[in-house]
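Coordinate inspection notes
So the chains spell out like this:
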Amino acid sequence: MGVEAHATNERATGRRWTVRLDPVGRGRADVRVSCSRPACAAQVLPSAAAGRTAAIAHLKAHLRAGPAPRPSVHCACRAEECHTHIRPAGPRERPVPWRCGGAVVLAVITDREGRWWQVMECCSRCAAAHPTAKVVATAPAAEASARSDGLRADTAAPAVTAVPSVHAPTFSAISPHFSHSATATGTAVPQQASAPRSAARSAPRSARPTRKRPPRGRIAQRLVPHDLRPVALRDELTELGELFRAYQARTEPDLAVLADLHARKAEAFHAWAEATADTGLRLDAERAEQAAATARLQHLHRIGQAPDGEGPAVVRLLTAPAQWKHARAVLAHVAENAPVPGAEARLLVVMVTLRTAQSGVGNLVGQDIKGLPLQDPQHLVEQLVESGWLGISGTVEELIASRPENPTRISVPSLTPDEDDPGPFTFGRKLRPKLSGWAQRVVGEKKLRKGKTGADVRLLALALATGSDGEGRLGAGGEGIGLDALSSWCSVDPADLPDLVDRLTAADWLAEADVTGTHLTGRLTERVLPLGCPLT
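Fair warning: this is a prediction, and the values are worked out from it, not measured in the lab.

If you look at the biggest cluster of nonpolar residues, it comprises 71 residues, and the most contacted ones within it are Leu-464 and Trp-509. For Trp-509, the residues in contact, after removing those within four places along its chain, are Val-442, Glu-445, Leu-448, Ala-461, Leu-504, Arg-523, Leu-524, Thr-525, Arg-527, Val-528 and Leu-531. Core analysis: the second largest hydrophobic core is formed by 19 residues, Ile-219, Leu-228, Leu-240 and Ala-273 among them.

In structure tokens form, the structure reads like this:
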């Protein structure tokens, strides 16, 4: 009889299973989704995104169909030296087991790269020790569960009442210790000895009234004081902190929501600064105002509305001010370092620079060169190679004849970074093709091609696209662009600029153009505003 009672009180280890996402083979895009539960067969999906979606759906199906966490199990992680169970030993100490705490929960733990998801039945303290754990279910209180289990045992199996009155020790529903030595070994405690101790322990707690401390929030790495007044300000800061953390957990950004959050934060921080006379809070409030304005402007650009609500905004090919600055930096670098004079050579150098700007190497095909308005493209490439500015893998004839399926490898030594010189440009790999595509769209614009404009006209189009403001007016504040700067960039005589301006006007690039003795004024037409990089 005693053996049966001991077996009844033996506590099981919590459940645990893992869903993994693994590559099928090297160089392949498809992935394999596998589950450690024996009844689940592996799936092969065509991409990592599809595999991740299938893995999460498989995991959710298990969670919906599976039983709730059991209140009387050991932590599934304690057998693996979980750091909440084993305290780090000192120089002369042995590792000491820690106790668990809190209710038993069903927690999902994942890695930061999204390659595996593990479900564990463990205590809430161990779940909190894992930075990526999310609790999906919590077991009922241990004492209530024990009472209901006992009632079911009395009604369903009356023969058990013949067993001597022994049971496993009961614990508080607030903080049960699942890994305690008494429960780990399954030791039975006489009922007569445990009942008075439980009553004596719970009596003073029930008699003493509990004091609820006001919630203490956290926002922007700052703790909201308990005694902050007015109370409405304290509650607003606490709620804002929770809303910001919830926004960071979103899978997709919403700039309108983010702008509203920053605006509320700015107002709350201004009030907080007034209440505490803290200069740092006032500066944080100003930064929140700037963040709100930036997020709202980006949102309006994304949805195609003007900031002031005065009609549709321009949907630009390059969308951010940082991208516009990098485009101007590339053109300025080419103007100062072009190895061969002439407008045609300048245009070719611009396009090759944008192909190799990040690493100093890139690919080029014959159509990239023959698509430019060059009278003798082979001779220009030969001049760049002879000057040492350009290197190609093969001959110039092979480069001109190369096709997209077999491009020619090119290199520009002056753009190749090394340990001592990171190169003239600071933008990343993802921005380089955007800048190159933007330049090709400007240079190969439909009406410029149909008008058979030369390299000098297309260089002028590049200059005006990067030298106008947000409304298309040329120069900062619409004051125009200096003729000397334009003639130097286009590699033409200043006296030839009026003819180039007339050609751009005929191609519907410029409107209200006026060439004075020193400046070119006017504006870009609505048609080409998306190609502009506004001055900021």
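Following the criterion strictly, the structure yields two aromatic pairs and no others. Between Phe-269 and Trp-272, the ring centres sit 5.5 Å apart and the planes meet at 80°, which makes this aromatic pair edge-to-face. Here Phe-269 pairs with Trp-272, and both are found in helix 8 (residues 255–276), just three residues apart, close to one helical turn. Each of the two residues, Phe-269 as well as Trp-272, counts as buried. Taking 5.5 Å as the distance between ring centres and 25° as the angle between the ring planes, the aromatic pair formed by Phe-425 and Phe-427 counts as stacked. Comparing Phe-425 with Phe-427 shows no difference in burial state: the two are buried. In this arrangement the basic side chain of Lys-265 is found over the ring face of Phe-244, its NZ or CZ atom lying 5.8 Å from the centre.

The antiparallel open sheet is built from six strands, whose spatial order is 3-2-1-7-6-8. Across the chains shown, the open sheet's two edge strands, defined by having one partner strand only, are strand 3 (43–45) and strand 8 (134–138). Averaged over all neighbouring strand pairs, the angle between strand axes comes to 20°, with direction disregarded. Packed onto the sheet, helix 2 (residues 48–65) meets strand 1 (16–23), strand 2 (31–35), strand 3, strand 6 (104–110), strand 7 (116–123) and strand 8 and runs at close to 170° relative to strand 1.

Attention now moves to the packing of helix 11 (residues 343–356) against helix 17 (residues 455–465). Viewed as axis vectors pointing N to C, helix 11 and helix 17 meet at an angle of 50°, and their least axial separation amounts to 8 Å. Considering their axes alone, helix 11 and helix 17 lie oblique with respect to each other. Read as a crossing pair, helix 11 and helix 17 show a hand that is left-handed. Counted together, Ala-343, Glu-344, Arg-346, Leu-347 and Val-350 of helix 11 and Ala-455, Asp-456, Leu-459 and Leu-462 of helix 17 form the full contact between these two elements. The class makeup of the residues in the contact of helix 11 with helix 17 is six nonpolar, no polar and three charged.

Our next topic: the side chain of Asp-456. Within the secondary structure layout, Asp-456 lies in helix 17. No salt bridge is formed by the buried Asp-456. Its closest oppositely charged neighbour is Arg-503, at 4.9 Å. Contact partners of Asp-456, with chain neighbours within four places excluded, come to Ala-343, Cys-490, Val-492 and Leu-500.

What counts as what
Residues numbered from 1 in each chain as written. Predicted model: local features only at pLDDT ≥ 70, side-chain atom pairs only at ≥ 80, totals over all residues. Heavy atoms only, no water. Core = buried A, V, L, I, M, F, W, Y, C linked by side-chain atoms within 4.5 Å. Buried < 20%, exposed > 50% of the residue type's maximum accessible area, 1.4 Å probe, protein only. Contact = heavy atoms within 4.5 Å. Phe/Tyr/Trp six-rings, centres within 6.5 Å; stacked < 30°, edge-to-face > 60°. Helix = DSSP H or I, 4+ residues; strand = E, 2+ residues; numbered from the N terminus. Lys NZ or Arg CZ within 6 Å of the ring centre and 35° of its normal. Pairing = 2+ DSSP bridges. Axes fitted to C-alpha atoms, helices over the stretch in contact; angles between N-to-C directions. Parallel < 35°, antiparallel > 145°, perpendicular 65-115°, else oblique. Left-handed = near helix turned anticlockwise from the far one by under 90°. Nonpolar A, V, L, I, M, F, W, Y, C, P; charged D, E, K, R; others polar. Lys, Arg positive; Asp, Glu negative; His and termini not counted. Salt bridge = Lys/Arg side-chain N within 4 Å of Asp/Glu carboxyl O.

Shape descriptors only; they carry no functional weight alone.
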